[in-house]
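An overview of the molecular structure
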Amino acid sequence: MHILMVTSEAAPFAKAGGLADAVSALSKALRRLGHDVRIIMPRYSFISTEEFALQPFGLFVPMGEATEKALVYKTLLPDSDTTVYLLDHEGFFGRSGIYGSKDEPDYADNAKRFAFLSRAAFRLCDNLRWKPDIIHAHDWPSSLCTVYKRYSEPGYLGSRTILSIHNLGYQGVYSKDFYTYFGLPWELFHGAGLEYYDSINLLKGGITSADSLSTVSPTYAREIQSPELGNSLDGLLRARSASLVGILNGIDTDVWNPKTDSYLPSTYHIDDMSGKAVCKEVLQQEFGLAVEPDTPLIAMVSRLTNQKGVKELFKPGYGTVPDLCKDMDMQMVVLGSGDSWCEKELESLSSALPNFKARLGYSEKLAHLIEAGADFFLMPSQYEPCGLNQMYSLRYGTLPIARRTGGLADTISNFNEKTGAGTGFLFDALTPRAIYDTCGWAIWAYYNRTEQLRAMRRRGMSQDFSWSASALEYDALYRSCLGI
Ligand code: ADP
Ligand code: GLC
């Protein structure tokens with residue numbers, strides 16, 4: 001099959017979260033199945049094009065008000081022959097942020113930027129004389145592809161569209177003043193499902209117009225059809241239930257492999273865990289914690305937003321962390337960036353508590369060291385469509401402590417003190433108390449159930465989280481869309 005991925009993020013070129021990892025790893029896995037997979041994404045200013053080939057054509061993309069011009073660079077995903085086209089448009093993408101900046105978290109012209117990406121995908125295919133069988137859009141930024149394909153791209157009648165929902169919490173809601181720029185007739189404002197309380201909702205348009213919908217875990221596929229986690233689109237999702245599947249993300253097992261991980265001071269594997277102890281020591285040094293091999297170390301790597309439970313962890317006067325760190329013989333490290341109240345709080349906790357240290361910012365290298373060096377990985381998510389870190393953790397012999405939601409519920413099984421079964425520690429209520437108790441439970445087990453924890457680590461490390469199985473599910477989904 002000819003498969004076009006239209007995306008705002010793809011690792012390693014541009015990454016704000018798990019979407020980037022998921023798109024690249026899925027593309028590589030589909031390529032390994034023999035498909036012709038190509039990715040189109042923006043060329044943001046931080047992506048150096050020095051080594052990329054400039055395509056011999058420019059793109060002219062008629063939008064509602066103007067014809068936009070763009071250059072296209074071509075490269076490959078690392079360690080793969082999956083083609084990536086980078087759309088170079090200085091006015092829209094020549095910026096340092098993907099969606100926004102510190103001062104402007106959601107760029108004022110995002111509706112235009114990503115409508116342009118969605119339309120340019122078709123003009124690129126025209127230029128390449130390449131007809132995708134499948135156009136696969138991801139989240140709100142490329143949702144409009146499905147609308148364009150359905151209503152205004154007669155040359156692509158044979159193509160089918162899939163929209164993957166990686167996070168229903170972000171829908172791309174913008175003023176309807178942008179609508180004319182899309183170059184779509186006004187009937188489609190309602191007709192294509194774009195209208196949302198008199199504004200534009202890009203994701204809603206995609207959910208209405210795509211041939212098929214997927215999301216990134218079976219549990220999340222059910223949850224988003226309920227009022228609690230449906231983010232006001234649950235009714236629409238229930239109406240499209242027959243076309244919605246949940247396919248669990250895999251992880252890139254080349255990048256996330258403790259046996260070969262070049263970021264680690266010492267690699268390790270299931271039958272020789274001595275390297276993990278070295279990683280713990282280096283991690284403690286790196287964060288300025290006391291080097292204590294036998295003190296349990298809980299870690300977190302995360303975007304610092306409410307989705308990830310940061311309020312229940314860190315909110316002054318309410319969050320769990322100060323009590324946890326004072327009451328228990330443990331250490332904690334956090335790597336993240338996000339909401340400024342939370343960043344400030346992390347800095348103040350780091351100076352107040354000797355056994356708590358945070359690092360603000362984004363670091364791939366530290367993320368790897370943390371996965372390897374920690375004993376436990378904390379994910380108290382309010383909701384979690386899939387979550388990648390718990391799978392990295394399991395593979396690195398680091399036991400997850402997580403809320404039973406979305407993909408976390410699908411990938412972690414709860415510790416059973418009687419039988420020793422399980423791969424992590426789960427809780428249901430999103431309250432500081434539940435987090436405190438569950439961390440306490442894990443720490444108790446660390447000191448008192450050493451053998452059971454060792455067996456749990458081995459169990460986690462031997463699970464298969466590669467993309468092979470999930471890519472086959474996408475393959476089947478594409479085929480059923482195409483009726484082949
Ligand atoms: P989400 O996409 O909702 O943020 P995921 O668990 O799917 O959650 O993916 C998050 C990805 O981003 C993981 O690969 C994680 O390691 C990475 N990540 C998040 N914050 C940071 C950070 N500050 N430094 C390095 N990696 C980070
Ligand atoms: C989103 C979700 C996360 C998921 C990722 C990749 O960012 O928040 O749970 O793992 O997309 O699909």
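Residues numbered from 1 in each chain as written. Chains lettered and ligands numbered in written order. Predicted model: local features only at pLDDT ≥ 70, side-chain atom pairs only at ≥ 80, totals over all residues. Heavy atoms only, no water.

**Remarks on the overall build of the chain**
Counting secondary structure elements, the chain contains 19 helices and 18 strands. Whereas a compact globule of 484 residues would reach a radius of gyration of roughly 23 Å, the chain reaches 23 Å, a difference of no more than 12%. Dimensions of the chain along its principal axes, counting C-alpha atoms only, are 65 × 45 × 40 Å. A burial count over the chain gives 60% of its 484 residues as buried. The long-range share in the chain, meaning contacts at least 24 apart out of those at least 6 apart in sequence, stands at 71%. With the model as given, the accessible surface of the chain reaches about 18500 Å², and the carbon-plus-sulfur share is 50%. Both charge centroids of the chain, one from 47 positive and one from 56 negative side chains, sit 3 Å from each other. (Helix = DSSP H or I, 4+ residues; strand = E, 2+ residues; numbered from the N terminus. Rg over C-alpha atoms; globule rule 2.2 N^0.38 Å. Buried < 20%, exposed > 50% of the residue type's maximum accessible area, 1.4 Å probe, protein only. Contact = heavy atoms within 4.5 Å. Areas by Shrake-Rupley, 256 points an atom, 1.4 Å probe, with all protein chains shown as cover. Lys, Arg positive; Asp, Glu negative; His and termini not counted. Charge placed at Lys NZ, Arg CZ, Asp CG, Glu CD.)

**Observations concerning the site of ligand 1**
Neighbouring ligand 1 are 19 residues; Gly18, Arg303, Lys308, Gly361 and Leu388 lie closest to it. Within the backbone of glycine 18, one N or O atom sits 2.5 Å away from an oxygen atom of ligand 1. The protein chains hide 94% of the 560 Å² of surface that ligand 1 would expose on its own. Looking at the shell around ligand 1, the elements with two or more residues in it are α1 (18-32), β13 (297-304), β14 (331-338) and α15 (389-395). (Near = heavy atom within 4 Å. Polar contact = N/O pair within 3.5 Å; in protein donor to acceptor, adjacent residues only side chain to side chain.)

**Things to note about the sheet that holds strand β9 (residues 195-196)**
If you trace the 3 strands from one edge of the open sheet to the other, you get β8-β10-β9, paired in antiparallel fashion. Bordering the open sheet on either side are β8 (173-174) and β9, each of which pairs with just one other strand. Alignment of β9 against strand β10 (residues 199-201), held across 2 bridges, turns out to be antiparallel. Its bridge partner lying in β10, tyrosine 196 is registered against serine 199. Sheet strands touched by helix α7 (residues 202-209): β8, β9 and β10. Its angle to β10, the strand with the most contacts, is close to 55 degrees. (Pairing = 2+ DSSP bridges. Axes fitted to C-alpha atoms, helices over the stretch in contact; angles between N-to-C directions.)

**Side note on the packing of helix α4 (residues 144-152) against α7**
Interhelical geometry of α4 versus α7 gives an angle of 45 degrees and a closest axis separation of 7 Å. One finds that α4 runs oblique with respect to α7. In terms of crossing hand, the pair formed by α4 and α7 is left-handed. Of α7, the residues touching α4 (which contributes Leu144, Thr146, Val147, Arg150 and Tyr151) are Leu202, Gly205, Gly206, Thr208 and Ser209. In terms of residue class, the contact of α4 with α7 is made up of 4 nonpolar, 5 polar and 1 charged. (Parallel < 35°, antiparallel > 145°, perpendicular 65-115°, else oblique. Left-handed = near helix turned anticlockwise from the far one by under 90°. Nonpolar A, V, L, I, M, F, W, Y, C, P; charged D, E, K, R; others polar.)

**What about the pairing of strand β1 (residues 2-6)?**
Here β1 lies mainly inside the structure; 4 of its 5 residues are buried. Tracing the backbone out of β1, into α1 and back to the parallel element strand β2 (residues 36-42) gives a crossover that is right-handed. (Right-handed = clockwise from strand over helix to strand, strands pointing away.)

**Thoughts on the side chain of glutamine 331**
Structurally, glutamine 331 can be placed in strand β14. For glutamine 331, a relative accessible area of 3% translates into the label buried. Within polar-contact distance, the side chain of glutamine 331 engages the side chain of glutamine 284 at 2.7 Å.

**Some remarks on the site of ligand 2**
The environment of ligand 2 is formed by 14 residues, the closest being His166, Asn249, Glu384, Cys386 and Gly387. Within the backbone of proline 385, a nitrogen or oxygen atom sits 3.5 Å from an oxygen atom of ligand 2. One of the backbone nitrogen or oxygen atoms of glycine 387 is found 2.8 Å away from an oxygen atom of ligand 2. Protein contact buries 94% of the 310 Å² of open area that ligand 2 shows by itself. The dominant element in the shell around ligand 2, judged by the number of residues it contributes, is α1, at 3 residues. Its residues placed into classes, the shell around ligand 2 shows 6 nonpolar, 6 polar and 2 charged. Composition of the shell around ligand 2 by domain shows at least three residues from each of domain 1 (2-250 + 467-482) and domain 2 (274-461). (Domains from an automatic or database assignment.)

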